[in-house]
Amino acid sequence: MKLTHLLTAFAVVAALFWWVGAPLDAQQIAQGTLSGDAAPEEDDALPPVQVIAFRSEAKSVEGAVVLRGRTEAHREVDLRAETAGLVVSQPRRAGARVTEGDLLCRLDPGERQAKLAEARAKLAEAQAENDAAEALVERGITSANTAISRRAALQAAQMGVRSAELDLKRLEIRAPFSGVLETDAAEIGSLLRVGDSCAR
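This structure is a prediction, so every number in the text was calculated from the model and none was measured. (Residues numbered from 1 in each chain as written. Predicted model: local features only at pLDDT ≥ 70, side-chain atom pairs only at ≥ 80, totals over all residues. Heavy atoms only, no water.)

Engineer: I keep staring at the pattern of salt bridges and nothing clicks. Help me out?
Structural biologist: Side-chain pairing between opposite charges can occur once the charged atoms of the two side chains come close. Applying the stated criterion across every chain, the model contains 15 salt bridges. In this structure, the salt-bridge partner of Glu134 is Arg151, at a minimum N-O distance of 4.0 Å. Of the two residues, Glu134 is situated in helix α3 (residues 112-139) and Arg151 in helix α4 (residues 144-169); the sequence distance between them amounts to 17 residues. Residue classification places Arg151 among the partly exposed residues on the basis of a relative accessible area of 37%. (Salt bridge = Lys/Arg side-chain N within 4 Å of Asp/Glu carboxyl O. Helix = DSSP H or I, 4+ residues; strand = E, 2+ residues; numbered from the N terminus. Buried < 20%, exposed > 50% of the residue type's maximum accessible area, 1.4 Å probe, protein only.)

Engineer: I tried to follow α4 on my own but got confused; where do I start?
Structural biologist: In this model α4 runs 38 Å from its N-terminal to its C-terminal C-alpha over 26 residues, within 8% of the 38 Å that 1.5 Å per residue would give. Looking at α4, one finds that the buried residues are Ala147, Leu154, Ala157, Val161, Ala164 and Leu168. (Expected span 1.5 Å × (residues − 1).)

Engineer: I would appreciate a short explanation of α3 in the present structure.
Structural biologist: Spanning 28 residues, α3 covers 41 Å between terminal C-alpha atoms, matching the ideal 40 Å at 1.5 Å per step. Buried residues of α3: Arg112, Leu116, Ala119, Ala126, Asn130 and Ala133, and no others. Its buried side turned inward, α3 meets α4. (Contact = heavy atoms within 4.5 Å.)

Engineer: Looking at this model, I keep getting lost on the packing of α3 against α4. Mind explaining?
Structural biologist: The packing of two helices is summarised by the inter-axis angle and the distance between the axes. Contact geometry for α3 and α4: axes closest at 8 Å, N-to-C directions at 160 degrees. By the angle between their directions, the pair α3 and α4 is classed as roughly antiparallel. The element α3 and its partner α4 pack so that their crossing is left-handed. Class assignment of the residues belonging to the contact of α3 with α4 gives a composition of 14 nonpolar, 6 polar and 9 charged. (Axes fitted to C-alpha atoms, helices over the stretch in contact; angles between N-to-C directions. Parallel < 35°, antiparallel > 145°, perpendicular 65-115°, else oblique. Left-handed = near helix turned anticlockwise from the far one by under 90°. Nonpolar A, V, L, I, M, F, W, Y, C, P; charged D, E, K, R; others polar.)

Here it is in structure tokens:
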């Protein structure tokens, strides 16, 4: 940087300091005059300014903040029928609170009890035939293939009973967790097929 630039900058800073920071005479400030200025005439005086004053009192104010948003379910599930049947339970309405395990739809059992009894009878028959075949195989009267066939029939009968029992359990559709019904449950008398919705 050139020396002339430095000197110029220094001169400007010194002039500003003298102009801004020069002390005023306290007596002149009190009288409202500065050196070289004359006191203002009475006629030149400004009119008085009107002010309004009041006492401030503290008051409690209720504030409100209006927020707009959208709620979203943490979990949501459509409860669907796993077997077909007529709804025989009174429906719950949308907005109702339910807890885990609450009954939402009950289906008419129809002939399912009779089918379960028939499956149990077939199981008893298959069990007896299997026991007889195993006894005959041990005594060498019948072939091992016959015993295998009877054992397979016994297992099929066991699965038939299990399937009939499971079909009866599926007649009741219950809430898998606690929550709020988004839709009405199925109306009484409605026919639900496999996959039809009971409630959400």
